[in-house]
Every structure is written in structure tokens, then in C-alpha cells.
Amino acid sequence: RCGMPSQLNFPFLEKLRLRTIICLLPDELPQHFSTWLGDQGTLCIHLGERMQTRSPWKPVAEDVILEGLNVLLNPANYPIAVMCSLGRHQTGTLIGCLRKLQCWNLTSILEEYRRYAGSKQRQLNEQFIELFDVDLVHMPRAPPKFFYAQDVDSLGRDVPAMRMPSGNL
């Protein structure tokens, strides 16, 4: 997760060998960034184009979050980055909904959102995350490996440490 990178960030991003970037920026992509994406062969899924305007009074649209989660849950898109203008609000909302899908408790989800948003946290984004209906998300049969936290059972075997959301396979 990050904000819109400048040219100074490109060498670092190149080391990540990103296959996909989810961009939640409501504006057109800067030309230097579009050129860099093409040079790297990185797919940019620009979901922010569907957001009409930037407004602190309007959270990210539910259909944008659902599409973003579908992209995040497809292992073929990895390595992946999620970005918006500053990496705070739209990115934080998408990641917060992902955490809810991962069955994190709400306190931990909002703590992570606030850590990245700093003093600019938005109550509407937090409320959106809290009320987000995870049953709207189609879970793939094989989500990315990171999706499940790993734990060890009494025999020392790796096991998922959380339950799979029900009813949407």
C-alpha cells in the first residue's frame, strides 16, 4: 500500500517487480507514472476513475471496494500494490474491508486504518468498514497465501488460524 509514487520512488518499486497495481486515485494517472507502468509491464487497474470527485464527506463506493477485493483475492495478480493519492483514505478503506474479510476484529482494523491516516482519519470511512457486508464478496477457492494467518496445531502442523467466511464459495 502506498500513495502515488514520484519518479524518485521508481527504483524501489522496480525491485518489487509488481505485476498489478490497484489505483484508487480519482484523477487521471500522471503521464510519468503511466509511462513507467508501460516500461515495467505492470497492469494498472484504475478503479478510482469511477469515483466522480474527491470528498471527505463521501467514502469509496461499495462497487469499487468489491472490485478491488476481487483483484486482491486473485493470486494471479501478485505481487500487487494498492495506492491512492496519499495512501490513506481510499487505500485504507479497501485494506480495512480486506481485513474484515480476513476476520480481524474491528478494533484492530480501525487501529491499522488510523495508523496510516494519522490525524486525517475519516469517520465515514471507518463506518463504511464497520458496516461492510463481507457476504457480498465472492471468495475464490484458492485465495492468496497471505489471506489466512498461519498457526500451528498440537502436532506442529501449519493450520489456518481463522475461519473461512461462509456461504460464498
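Refer to the structure printed above.
Cut-offs and rules
Residues numbered from 1 in each chain as written. Predicted model: local features only at pLDDT ≥ 70, side-chain atom pairs only at ≥ 80, totals over all residues. Heavy atoms only, no water. Helix = DSSP H or I, 4+ residues; strand = E, 2+ residues; numbered from the N terminus. Buried < 20%, exposed > 50% of the residue type's maximum accessible area, 1.4 Å probe, protein only. Contact = heavy atoms within 4.5 Å. Axes fitted to C-alpha atoms, helices over the stretch in contact; angles between N-to-C directions. Parallel < 35°, antiparallel > 145°, perpendicular 65-115°, else oblique. Left-handed = near helix turned anticlockwise from the far one by under 90°. Nonpolar A, V, L, I, M, F, W, Y, C, P; charged D, E, K, R; others polar.

## Overview of the side chain of Glu126
Here is step 1 of the chain: Note on placement: Glu126 falls in helix α6 (residues 123-131).
Here is step 2 of the chain: Residue Glu126 is classed as buried on the basis of its relative accessible area, which comes to 3%.
Here is step 3 of the chain: Setting aside residues no more than four positions away along its own chain, Glu126 makes contact with Leu110, Tyr113, Arg114 and Gln121.

## Comments concerning the packing of helix α4 (residues 89-101) against α6
Each packed pair of helices is defined by two parameters, the angle between the axes and the distance between the axes.
Here is step 1 of the chain: Running from N to C, α4 and α6 point in directions that differ by 20°, and their axes come no closer than 9 Å. On the basis of their axis angle, the class for α4 and α6 is roughly parallel. Our pair here, α4 against α6, has a crossing hand that is right-handed. Contact residues: α4 offers His89, Gly92, Thr93, Gly96, Cys97 and Lys100, while α6 offers Asn125, Phe128, Ile129, Glu130 and Leu131.
Here is step 2 of the chain: Here the residues of the contact of α4 with α6 are counted per class, giving 4 nonpolar, 5 polar and 2 charged.

Such coordinate-based values are descriptive only and should not be taken to indicate function.
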